[in-house]
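Given next are the chains, with one letter for each unit.
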Amino acid sequence: PNQGLTQMKGPAASHPAPSAPSLPRPRRGTLRSAVHSIAFAALFVSGLDLWLSGQQRLVLWAHVLIGLGLLIGLGPWLVRHIPLGLRQSRRRAFTNLFWLLLACWLALIGTGLIMAVPGILWLAGVVWFPQRPVTEALSLVHFWASWLAIGRLILHLTMRHWVWGR
């Protein structure tokens, strides 16, 4: 039955080859992660619309409110997700991707919060705007961080949560 293959002899014949440690299987996301993903997609689309079409009041306020809602929902989740993800990560590329994704998110959230301050103050009856170069720099960082964050988020979800062919 060997059909030309030689049988292994010696100690190797009785011991199976060592197997690589198994990586955790991708798992489907939760309702919470679906809501976060949908909110981020809405933010990305509304932000792109604001960038291309200018300041449309309804789109701007929807963008700010969805962003604040996502921040409120995402904050506690990230506090739990980050340490757990780092402890369970067995792939160096995945861990590096995580840190890049986190940096993008922090830049995105930070610039978004800073840019929301004038609108929130205006609602409180105070008119204040930072100097134009500051606003332009914040807007530029926010814009490019959103592209990096959406790309890295899709890559993260593909590597960890989306299951293809099952």
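First, a word on scope: everything that follows refers to the structure included in this document. Quantities reported herein were computed from a predicted structural model and do not represent experimental measurements. (Residues numbered from 1 in each chain as written. Predicted model: local features only at pLDDT ≥ 70, side-chain atom pairs only at ≥ 80, totals over all residues. Heavy atoms only, no water.)

A few points about the environment of Trp 128
Mapped onto the fold, Trp 128 is located in the loop between α3 (92-123) and α4 (132-160). Note: C-alpha distance between Trp 128 and Val 117 (11 residues apart in sequence) is 8.7 Å. Dropping the residues within four chain positions of it, Trp 128 is found in contact with Val 117, Pro 118 and Leu 121. (Helix = DSSP H or I, 4+ residues; strand = E, 2+ residues; numbered from the N terminus. Contact = heavy atoms within 4.5 Å.)

Comments concerning the nonpolar core
Counting residues in each nonpolar core, the largest one holds 15 residues, and the members touching the most others are Phe 40, Leu 70, Trp 105, Leu 108, Ala 149 and Leu 153. Counting residues per element, this core draws most heavily on α4, at 5 residues. Sequence-distant contacts of Trp 105, that is, excluding residues within four places in its chain, are made with Phe 40, Leu 70, Leu 74, Ala 149 and Leu 153. (Core = buried A, V, L, I, M, F, W, Y, C linked by side-chain atoms within 4.5 Å. Buried < 20%, exposed > 50% of the residue type's maximum accessible area, 1.4 Å probe, protein only.)

Re the layout of surface pockets
Space inside the largest pocket adds up to approximately 1400 Å³. Residue assignment for the lining of the largest pocket shows that the elements contributing at least two residues are α1 (31-53), α2 (57-88), α3 and α4. Counting residues per element, the lining of the largest pocket draws most heavily on α3, at 12 residues. Residue composition of the lining of the largest pocket, grouped by class: 28 nonpolar, 11 polar and 3 charged. (1 Å grid on protein atoms, 1.4 Å probe; cavity = no way out; pocket = protein on both sides within 12 Å on 5 of 7 lines; lining within 4 Å. Points joined across faces, edges and corners; volume = space filled by probe spheres on them. Nonpolar A, V, L, I, M, F, W, Y, C, P; charged D, E, K, R; others polar.)

Let's talk about the pattern of salt bridges
Under the counting rule described, the total for this entry stands at 1 salt bridge. Arg 132 is the partner of Glu 136 in a salt bridge, and the nearest nitrogen-oxygen pair spans 3.0 Å. Remark: Arg 132 and Glu 136 occur in helix α4; sequence separation between them is 4 residues, near one turn of the helix. (Salt bridge = Lys/Arg side-chain N within 4 Å of Asp/Glu carboxyl O.)

A few points about α3
An α-helical turn contains 3.6 residues, so any two residues separated by three or four positions project in the same direction. Over its 32 residues, α3 runs 46 Å from end to end, which matches the ideal 46 Å to within 8%, given 1.5 Å per residue. The largest bend in α3 comes to about 35°, at Val 117, with the proline Pro 118 one to four residues further on. Of the positions making up α3, those classed as buried are Phe 94, Leu 97, Phe 98, Leu 101, Leu 102, Cys 104, Trp 105, Leu 108, Thr 111, Ala 116 and Pro 118. In the segment just after α3, Gly 125 is the residue with positive phi, at about 95°. (Expected span 1.5 Å × (residues − 1). Bend = angle between axes of the 7 residues up to and from the residue.)

Just distances and angles here, no functional claims.
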